[in-house]
Amino acid sequence: MITIPYWQLVAGITVLWVLLRLCFAWKHRKVNWRYEGKLLTVWLCIVVIARFVYFPLHPENGRLGSLVLSAKDDSPVMFNLVPLVHLFDQYDERLINLFGNIAMFIPMGFIWPFCFRKLKGVGSVVLAGAGFSLLIELSQLLAPDRNTDIDDLITNTVGTLIGAVLYFALSRCFGKKKKEKAGS
């Protein structure tokens, strides 16, 4: 069993992020600081999502709980592959779970196309968001106190969709205003 406090997870994500960015800089033999600044928004989203996905929502005794990883066979695995079966269950924090999962991924749907030119349309952004959400859900299989649920994948993808639609709608709106200014 491995116990990881939030600050250690953030430090690990940060180290991996820096190493990845250094590899890209070395490969391209230059650093575009403006682009690196934009990419910090992606890092921030990952760190915030990690907080809400892997750690208890409410602190206990003023402290945030730790992520517990276990590879033991006797750990109960909470795994649901039936869509919408738990989405509308009656439990205390169901609305926080439903709307929280959506809201948590809206920034990713907005920021990813802003940072990554290859994500040229809503469909590609939604596919990337669904893939990222799937990675998160599968990673929760190692944490006995976390749930792997298809409903989370669906709601996270809906959040990505909302963010992507907002991004491309605003891009078109501001793109038209730039063209109008250039034409006058």
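Reading guide: rules and limits
- Residues numbered from 1 in each chain as written.
- Predicted model: local features only at pLDDT ≥ 70, side-chain atom pairs only at ≥ 80, totals over all residues.
- Heavy atoms only, no water.
- Helix = DSSP H or I, 4+ residues; strand = E, 2+ residues; numbered from the N terminus.
- Expected span 1.5 Å × (residues − 1).
- Bend = angle between axes of the 7 residues up to and from the residue.
- Buried < 20%, exposed > 50% of the residue type's maximum accessible area, 1.4 Å probe, protein only.
- Core = buried A, V, L, I, M, F, W, Y, C linked by side-chain atoms within 4.5 Å.
- Contact = heavy atoms within 4.5 Å.
- Axes fitted to C-alpha atoms, helices over the stretch in contact; angles between N-to-C directions.
- Parallel < 35°, antiparallel > 145°, perpendicular 65-115°, else oblique.
- Left-handed = near helix turned anticlockwise from the far one by under 90°.
- Nonpolar A, V, L, I, M, F, W, Y, C, P; charged D, E, K, R; others polar.

Asks: Sorry if this is basic, but what is going on with helix 3 (residues 94–115) here?
Replies: Owing to its 3.6 residues per turn, the α-helix aligns residues three or four sequence positions apart on the same side. Taking 1.5 Å of rise per residue, the 22 residues of helix 3 would be expected to cover 32 Å, and the 32 Å separating its terminal C-alpha atoms lies within 8% of that figure. Most pronounced at Gly100, the bend in helix 3 amounts to some 25°. The set of residues buried in helix 3 consists of Leu98, Asn101, Ile102, Met104, Phe105, Met108, Gly109, Ile111, Trp112, Pro113 and Cys115.

Asks: Can you help me understand the nonpolar core in this one?
Replies: In globular proteins that are soluble, nonpolar side chains generally tend to be buried together. In this structure, Ile49 and Tyr54 are the most contacted members of the largest nonpolar core, which totals 29 residues. Residue assignment for this core shows that the elements contributing at least two residues are helix 1 (6–28), helix 2 (33–54), helix 3, helix 4 (122–139) and helix 5 (150–183). In terms of residue count, the dominant contributor to this core is helix 2 (eight residues). Not counting residues up to four positions away in its chain, the partners in contact with Ile49 are Met104, Phe105, Met108, Phe132 and Ile136.

Asks: How should I be thinking about the packing of helix 2 against helix 4 in this particular structure?
Replies: When two helices pack together, their arrangement is given by the angle between their axes and by how far apart the axes lie. One way to put it is that helix 2 packs onto helix 4 with a least axis distance of 11 Å and a crossing angle of 40°. When the axes of helix 2 and helix 4 are compared, the pair comes out oblique. Of the two possible hands of crossing, helix 2 and helix 4 adopt the one that is right-handed. Only Phe132, Ile136 and Ser139 of helix 4 make contact with helix 2, whose side of the interface consists of Ile46, Ile49, Val53 and Tyr54. Residue composition of the contact of helix 2 with helix 4, grouped by class: six nonpolar, one polar and no charged.

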